[in-house]
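Take a look at the letters that make up each chain.
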Amino acid sequence: MVESKAEKAEVGRETVGSGKDDMEVGVPAESPVKVFTVEILRLIKDMQLQHGLRHGDFQRYRGYCSRRVKRLRKTLNLPQGDRRHHKKRNVTLANLEKPDSDERFLHIPLMLAERTWSYAMQLRQESNTEPRKRFHLIEKLRKSCIYALQLQDLCVSDRCDARTKLEAEAYSAWIHGSLHFELALWQSAAENLKKAQVIYENLAQAMPEEEQAIYRAKVEELKPSLRYCAYNVGENASVNDLLEMRGQAGLLGNLSHLVAQTKAESMEAFQMTEWRGRNVTVRPEKVRLFLLSIQELNKSIEKAKDFPAKIEMLENVLLDCKDAIASIKDEIKQDPKLRQSTTEGGSGGLIGIQYLLAYMSYTRLKLTLERNLLLVGQAKLTLDDPNVAEKSQLTGGGKKTKPQDLSRLYEIILQNVTEMQQLSGMEAEASYQAEMETLSLSFRAFRCYYIAITLVAMKRWREAVAMYERSKKYANEAANTKTPCKDFDLRTELKQLVATIEGCKFSAHAYSVLEDDTADDTVLFGKSQKSSKPLYERLSHYKEDATLNSRNPNVFKLIPEMEPIPAKPLFFDLALNFVDFPSLDDKIEQKATGKGATAGMSGFVKGLFGWGGGGGASK
């Protein structure tokens, strides 16, 4: 982040000696000086996680630092000689004071310090099996301290803001504390590590909430080393006492001033808003503009002449709210440190921009709910006052609103309340969930009331009475709750609803007593069919029947109607056993005689001519 700091140049005056009055010639003001901001801790943590230290690979990280330094020197035109000769060139204040200077000049000593530190940590791993490498480790840490001091000297200048100065001082103290820790200089190691811890704690307090996690994590990281140093120093020596003794010499004399300056700069850069007793940091420009635009929204809605104008106004605001929410989501996707804020913070609740996203989502649902309530108010005009419906029809408007239309609107409103209850990050907040439950009960009471009116129109009296009872129950629970919703206080409307339900319920109950149960089952579009049952079958039900006074009253059926019944046969067909059939003997004899004559003739012919097997055989 590059900020511009306006400085007023002194105006020189040049006197021209002549006979006339002296003339003053003004020197033009200089261009504003760039002020650099380098988030040192955030920068090195991101690089370490992306280039090997997630898995403890210090050699890979050291190689990345070397390549990074080479690219920076090439980009910033700060080479160290040519291919044949090497000439050391460090970053100086002159490089930062150029008009076209770049904050990446500060990255060069930082990368050099990180490269030597990672080399030292690699040697620490190898020194477990090769103790001689411990001497090399100490030398690399000493070199890292030199580069950290160079970075601190560069950041002391006016070209860096207070945050960068504090971070450079804390980084240098941490590197020196690590060196003294390896050298077993416990007092100085504890002093430097405590100094770094104090600076990081103050930075965490001065920064916005989403940027505090990394500093708090660093503070927790330093605690084991400080406890070990305190153990080796002895019980009588206190680390805080050592720090106070050195602080009197001016070591941390400007800490409070730098912290105050850093906090002032962060407050100027960010805007704060409050929701449910908690300050929310607003960084996206679209969100700021949206929050400013809705400050006078209620007054603008009250000034609108009718319901359509109010609804249109809210719909336009809802479009702006959706754009603001989209900008927050885009910022979370593009900025990796915002995605890692929850994992590094160690707290389960919403922090920073995620809490802002929850607040904006609640605002969107709240505006949607207000719009739907305006639609309900518009529908009630044509439901309660018939004259309004007649006027709207004369002017070409819509038809009269039905009760079921209002019940559908309240169903949509209940869906909005459910989304509020399921808002990300607000599930565990008891007071918020209690308010949403009260709001849900209130709208359920109104929905049940209009469902009951719909059932009354259909002459379903018993169901209507049951819905009236349920609506009254919900309304009493919501009106007597100890946690009413702050944004939607409906207790007055609920009391009026309870008073209205009392009369409607008894009216529906009276109609249910007078109505025939059978007619209740055959209700169709508000018209009942006449019953054809005689009087003796419906003695327990009262019904005005004009046919009883006529000449053919439907009292009792004297002649029962014919009905088919199952029956077993009583007679069987036994006549065949008593039938005398005529004699057929004559026909049988006649048939037998015909057969004998035929046989005699054939025998005669066979005997005459010698045919037949019998004669031949006898001869």
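Residues numbered from 1 in each chain as written. Predicted model: local features only at pLDDT ≥ 70, side-chain atom pairs only at ≥ 80, totals over all residues. Heavy atoms only, no water.

The protein is annotated in an unreviewed UniProt entry as Signal recognition particle subunit SRP68 of Anopheles minimus. Recorded in UniProt under Sequence similarities (unreviewed entry), the annotation for the protein is "Belongs to the SRP68 family." Quoted straight from UniProt, the Function (unreviewed entry) entry for the protein says "Component of the signal recognition particle (SRP) complex, a ribonucleoprotein complex that mediates the cotranslational targeting of secretory and membrane proteins to the endoplasmic reticulum (ER). The SRP complex interacts with the signal sequence in nascent secretory and membrane proteins and directs them to the membrane of the ER." (UniProt positions renumbered as here; feature names shortened; annotations may be inferred.)

Student: How should I be thinking about the overall build of the protein in this particular structure?
Tutor: Across its full length, the protein holds 24 helices and four strands. Residue burial in the protein is summarised as follows: out of 619 residues, 38% are buried. Excluding contacts between residues fewer than 6 apart, the proportion of contacts in the protein whose partners are at least 24 apart in sequence is 68%. (Helix = DSSP H or I, 4+ residues; strand = E, 2+ residues; numbered from the N terminus. Buried < 20%, exposed > 50% of the residue type's maximum accessible area, 1.4 Å probe, protein only. Contact = heavy atoms within 4.5 Å.)

Student: Looking at this structure, I do not really get the side chain of histidine 107. What am I missing?
Tutor: Examined against the element boundaries, histidine 107 turns out to sit in helix 4 (residues 107-126). Non-local contacts of histidine 107, meaning those with residues more than four positions away in its chain, are made with Val38, Leu43, Arg68 and Leu72.

Student: Just checking my understanding: could you explain the nonpolar core for this structure?
Tutor: What tends to happen in soluble globular proteins is that the nonpolar side chains get buried as a cluster. Grouped together as the largest cluster of nonpolar side chains are 70 residues, with contacts concentrated most on Trp275, Leu356, Met360 and Phe443. A total of 15 residues in this core trace back to one element, the largest contributor, which is helix 16 (residues 353-384). Each of two domains, domain 2 (266-340 + 350-398) and domain 3 (402-518), supplies a minimum of three residues to this core. If near-sequence neighbours (up to four positions away) are discounted, tryptophan 275 is found in contact with Val280, Tyr355, Ala358, Tyr359, Tyr362, Leu423 and Met426. Counting residues in hydrophobic clusters, the runner-up holds 63 residues, among them Ile40, Trp117, Leu141 and Ala190. (Core = buried A, V, L, I, M, F, W, Y, C linked by side-chain atoms within 4.5 Å. Domains from an automatic or database assignment.)

Student: Is there a simple way to explain the packing of aromatic side chains in this structure?
Tutor: The geometry of two aromatic rings is summed up by the distance between their centres and the angle between their planes. What the rule picks out here adds up to 19 aromatic pairs. Judged by centre distance (5.4 Å) and plane angle (85°), the rings of phenylalanine 181 and tryptophan 186 are edge-to-face. We classify phenylalanine 181 as partly exposed; its relative accessible area is 23%. Aromatic pair tyrosine 362 and tyrosine 432: ring centres 6.0 Å apart, planes at 65°, arrangement edge-to-face. Placement of the pair is tyrosine 362 in helix 16 and tyrosine 432 in helix 19 (residues 430-457), with a sequence separation of 70 residues. As far as burial versus exposure is concerned, tyrosine 362 and tyrosine 432 are alike and both buried. Put simply, the rings of Tyr410, Phe443, Phe446, Tyr449, Tyr450 and Tyr468 touch in pairs and so form one group of aromatic residues. Directly above the ring of tryptophan 174 sits lysine 218, whose terminal nitrogen or CZ lies 3.9 Å from the centroid. (Phe/Tyr/Trp six-rings, centres within 6.5 Å; stacked < 30°, edge-to-face > 60°. Lys NZ or Arg CZ within 6 Å of the ring centre and 35° of its normal.)

Student: Got a minute to help me understand the confidence of the model for the protein in this structure?
Tutor: A low pLDDT score tells you not to read the predicted coordinates there in detail. Model confidence for the protein is summarised by a mean pLDDT of 77, while 75% of its residues fall at 70 or above. Every residue in residues 245-251 is under pLDDT 50, and counting partners more than four places away or in other chains gives six contacts. Low pLDDT (under 50) marks residues 520-529, which in the prediction has nine contacts with non-local residues, meaning those over four places away or in another chain. (pLDDT = per-residue confidence, 0-100.)

Student: How do you make sense of a nonpolar patch on the surface when you look at a structure like this?
Tutor: On the surface, Tyr536, Leu539, Val555, Phe556, Leu558 and Ile559 cluster together to form a nonpolar patch covering roughly 710 Å² of accessible area. Considering the arrangement of structural elements, one finds valine 555 in the loop between helix 22 (517-521) and helix 23 (585-609). (Patch = residues over 30% accessible without salt bridge, like charges linked within 9 Å, V, L, I, M, F, W, Y side chains within 5 Å. Areas by Shrake-Rupley, 256 points an atom, 1.4 Å probe, with all protein chains shown as cover. Salt bridge = Lys/Arg side-chain N within 4 Å of Asp/Glu carboxyl O.)

Student: What's the story with the packing of helix 19 against helix 20 (residues 461-479) in this structure? I'm lost.
Tutor: The angle between the axes and the distance between the axes are what describe a pair of packed helices. Packing of helix 19 against helix 20 leaves a shortest axis separation of 8 Å and a crossing angle of 160°. It follows from the interaxial angle that helix 19 and helix 20 lie roughly antiparallel. For helix 19 against helix 20, the interelement crossing comes out left-handed. Judged by residue contacts, Thr438, Leu441, Ser442, Arg444, Ala445, Cys448, Tyr449, Ile451, Ala452, Ile453, Leu455 and Val456 of helix 19 engage Trp461, Glu463, Ala464, Met467, Tyr468, Arg470, Ser471, Tyr474, Ala475, Glu477 and Ala478 from helix 20. Here the residues of the contact of helix 19 with helix 20 sort into 16 nonpolar, three polar and four charged. (Axes fitted to C-alpha atoms, helices over the stretch in contact; angles between N-to-C directions. Parallel < 35°, antiparallel > 145°, perpendicular 65-115°, else oblique. Left-handed = near helix turned anticlockwise from the far one by under 90°. Nonpolar A, V, L, I, M, F, W, Y, C, P; charged D, E, K, R; others polar.)

Student: Got a minute to help me understand the pattern of salt bridges in this structure?
Tutor: Note that side chains of opposite charge can pair when their charged atoms are close. Applying the stated criterion across every chain, the model contains 21 salt bridges. The salt bridge involving arginine 124 is made with glutamate 182; its shortest N-O contact spans 1.8 Å. Taken as a pair, arginine 124 in helix 4 and glutamate 182 in helix 6 (residues 162-182) lie far apart in primary sequence, 58 residues in all. Between arginine 163 and glutamate 167 there is a salt bridge; the shortest N-O distance is 3.5 Å. Placement of the pair is arginine 163 and glutamate 167 together in helix 6, with a separation of four residues, close to one helical turn.

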